Structure formats: structure tokens, C-alpha cells
Amino acid sequence: MPYVTFIEPDGTRHKIDAPIGQTLLHIAQDADIDIEGACGGSLACATCHVIVDQDYFDRLPSIEPDEASMLELATDLQTTSRLGCQLTMTEALDGLSVRLPVIW
């Protein structure tokens, strides 16, 4: 099974099995990773903000305008920031690493 590594702001790493077809938000929540997802993945908030490892960023689908708008509300915004609810696990993303943002 593919996996994804979530890195907490303090550097703690969690390597998690990542079923194909599930979003990063749901993968994290199922593994009790501290990611909020207040809107339940309906693209109405930015609380599932993740910072994607540069090596994987170009493998992701292009960001849609609605996601870009929501990201403007995120804290610790980076050039590789995405919303976990908009990233669906695929074989091409096996080994993906994402960092959780610093919450102010």
C-alpha cells in the first residue's frame, strides 16, 4: 500500500498507510494526525492546509481557483502549500511527505 509521511511543526514524523482514492485530509484524520478540516473537506476553509515536499509538488494536479482562494486564509503559507481535502492519494504519490503548518 502507498504511504504518506505527515511532519508536525516540531519535526515529529508519522508514516501512514495511504489508501488510493482517499484525500490527505481523511488519511490524516483516520490516523489521528492533528489536522482540523473544519468544513469536512468541502473546500470552505483552510484548516487542512499542508505544505507539500518540493520533490512531489509537481506530481500534484494543478491548483483550482477555489482552492487558491481558500489558501489565502491559511497561516504559514508556502509556495508548495495545498489543502489536504483537495489532494487525493494515487500510486504516483507513494512516499509523499507533507509538513503541517505552524499555527499562530
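Residues numbered from 1 in each chain as written. Predicted model: local features only at pLDDT ≥ 70, side-chain atom pairs only at ≥ 80, totals over all residues. Heavy atoms only, no water.

A.B. asks: Before we move on, can you summarise the packing of aromatic side chains with the specific residues and values?
C.D. replies: Enumeration according to the criterion identifies zero aromatic pairs in this entry. We note Lys15 situated over the ring of Tyr3; from NZ or CZ to the ring centre the distance is 4.2 Å. The ring of Tyr56 has Arg59 sitting right over it, with the charged end atom 4.2 Å from the ring centre. (Phe/Tyr/Trp six-rings, centres within 6.5 Å; stacked < 30°, edge-to-face > 60°. Lys NZ or Arg CZ within 6 Å of the ring centre and 35° of its normal.)

A.B. asks: Outline the environment of Thr79, listing residues and values.
C.D. replies: The topology assignment puts Thr79 in the loop between helix 3 (65-71) and strand 4 (81-83). Taking relative accessible area as the criterion, Thr79 reaches 73% and is therefore assigned exposed. For the pair Thr79 and Ile51, spaced 28 residues apart in the sequence, the C-alpha separation amounts to 8.2 Å. (Helix = DSSP H or I, 4+ residues; strand = E, 2+ residues; numbered from the N terminus. Buried < 20%, exposed > 50% of the residue type's maximum accessible area, 1.4 Å probe, protein only.)

A.B. asks: So, the pairing of strand 5 (residues 96-99): which residues are in play, and what are the values?
C.D. replies: As paired strands, strand 1 (residues 3-7) and strand 5 are joined by four bridges and run parallel to one another. Looking at strand 5, one finds that Phe6 is bridged to Val98. (Pairing = 2+ DSSP bridges.)

A.B. asks: How would you sum up the nonpolar core? Please name residues and give values.
C.D. replies: A general trend in soluble globular proteins is that nonpolar side chains are found buried together. Val4, Phe6, Ile27, Val52 and Leu96 are the most contacted members of the largest nonpolar core, which has 27 residues in total. Elements represented by at least two residues in this core include exactly strand 1, helix 1 (24-30), strand 3 (49-52), helix 3 and strand 5. Residue contributions to this core peak at four residues, all from helix 1. Residues in contact with Leu96, not counting those within four places in the same chain, are Tyr3, Val4, Thr5, Leu24, Val52 and Tyr56. (Core = buried A, V, L, I, M, F, W, Y, C linked by side-chain atoms within 4.5 Å. Contact = heavy atoms within 4.5 Å.)

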